[in-house]
Amino acid sequence: MRILHILNHTNRLNGHVHAAVDLACAQAKLGHDVCLASGGGDFDQLLHRHNVTTVMVDHRRKPLNLLKSSYALRKHVRAWQAEIVHAHMMTSAVLAWPICKVAGIPLVTTVHNEFEKSAILMGLGTRVIAVSEAVGASMRKRGIPASKLRVVLNGTIGSARIENRSPLPVVLGSPSILFVGGLHPRKGLPDLFEAFGIAHEKYPKARLYIVGEGPFHANYQETVAKMDCAAAVTFLGAKEDPFPWMVGADIFVLPSHADPAPLVLSEAREARCAVIGTNVDGIPQLLEYGAAGILVPPRDPPALATALCNLLEDTKRIGEWQDKSQTRIERMTIDRVARETMDVYGGALAPGSKTTQAAA
């Protein structure tokens, strides 16, 4: 099948980009002809190494620029002879929809962040992929027909982005608690700081490590500096690949207030962390509804502190949850994501077409 992916850029430290790049490389590995149209970025060389063609389409939201981009995208769709166009961001979907409509090519869209108002525009797709059951339910409530929606749960294990990663752990103070993600309110970091403060009073050897960057970095550092446990909290900044820190950590915590299907959870499970996550959006599904990780209510620091203390109380308990993190871990592979996505493409194509028969 000839597949054209579209997204704003290919820069690191963006979950949408990571998911699209992983998928494009995995589809090329399956033998499909894959092209990715974007404004370019960090992953272009990796895409080339994995037989994914790249073309430039500027996604900057200025009227004249978008007209030029629409013309360029139309040329790329024709030149590539795309059989499926797959848009991963709102601007991409809006640019692609009229082109696909005129050309009679199915447009598939992926909803990564359904809490954004603009996510409703992803309903322009012939098929709309939701990255978790929770995202699918949310989009149905917002008016996307169930006949269009398909759920393909995120997964990263085996991703081309991480094929050369080091298996060696970074040495952390033990017992170690790790957070990896963007430093902004949606991720719930103030809840983790408060919970860690409570837990640290009982278990003063515990250490908290924060990997990531974001607009609230300075605010969070100021918050922690005023806490009694400040010396036990380390801000490490963004890491190109945080996996060695995950391998070195005892406990991974994701205290999000909203998180459709965070890729970081499959990585934390692959690293065999004991995982604690909030019971919101796609997190429960990624943690096998509590079988592969501990679920706590969102915005509830005391409940999170209790979960931390239960683990810190007994190292054997940490080990038990590290083992539980492997429950159905085989579902977290990018190969599974790629194959399920190809099934969605097959359903989007006209019945009886040669490509539909090949996809089947």
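Visitor: So what exactly am I meant to see when it comes to the packing of aromatic side chains here?
Guide: Geometrically, a pair of aromatic rings is defined through the distance of the ring centres and the angle of the planes. Inspection of every chain in the model, using the stated rule, returns 3 aromatic pairs. One Lys or Arg, Arg165, reaches over the ring of Phe243 and ends 3.8 Å from the middle of that ring. Lys324 extends its terminal NZ or CZ atom over the ring of Trp321, reaching a point 4.1 Å from the ring centre.

Visitor: Honestly, unusual backbone geometry in this entry has me stumped. Any pointers?
Guide: Trans peptide bonds make up the majority, and among non-glycine residues the majority have a negative phi. Cis rather than trans, the peptide bond between Ser174 and Pro175 has omega equal to 0°. Located in the positive-phi region is Asp281, a residue other than glycine, with phi close to 50°. Within the secondary structure layout, Asp281 lies in the loop between β12 (274-278) and α10 (283-286). Taking the relative accessible area as the measure of exposure, Asp281 reaches 28% and is therefore partly exposed. Positive phi outside glycine occurs at Glu288, with the angle close to 55°.

Visitor: Where do I start with the environment of Ala160 in this structure?
Guide: Mapped onto the elements, Ala160 comes out in the loop between β7 (149-151) and β8 (176-180). By relative accessible area, Ala160 is classed as buried at 10%. Placed 137 residues apart in sequence, Ala160 and Leu23 show a C-alpha to C-alpha distance of 9.1 Å. Aside from chain neighbours lying at most four places away, what touches Ala160 is Cys25, Leu46 and His50.

Visitor: So what exactly am I meant to see when it comes to the sheet that holds β7 here?
Guide: Hydrogen bonds between backbone atoms are what pair the strands of a sheet, whose relative direction is either parallel or antiparallel. Sheet architecture is open: 7 strands sit in the order β3-β2-β1-β4-β5-β6-β7, paired in parallel fashion. Strand pairing shows two members of the sheet lacking a second neighbour, β3 (52-56) and β7, which therefore form its edges. Looking at each pair of strands side by side, their axes are set apart by 25° on average, direction ignored. With 3 bridges joining them, strand β6 (residues 127-130) and β7 adopt parallel strand pairing. Paired with Ala130 across the two strands is Val151, which belongs to β7. Of the strands in this sheet, β1 (2-6), β2 (33-38), β3 and β4 (84-87) touch helix α3 (residues 63-80), which is tilted by about 160° from β1.

What counts, and at which threshold
Residues numbered from 1 in each chain as written. Predicted model: local features only at pLDDT ≥ 70, side-chain atom pairs only at ≥ 80, totals over all residues. Heavy atoms only, no water. Phe/Tyr/Trp six-rings, centres within 6.5 Å; stacked < 30°, edge-to-face > 60°. Lys NZ or Arg CZ within 6 Å of the ring centre and 35° of its normal. Helix = DSSP H or I, 4+ residues; strand = E, 2+ residues; numbered from the N terminus. Buried < 20%, exposed > 50% of the residue type's maximum accessible area, 1.4 Å probe, protein only. Contact = heavy atoms within 4.5 Å. Pairing = 2+ DSSP bridges. Axes fitted to C-alpha atoms, helices over the stretch in contact; angles between N-to-C directions.

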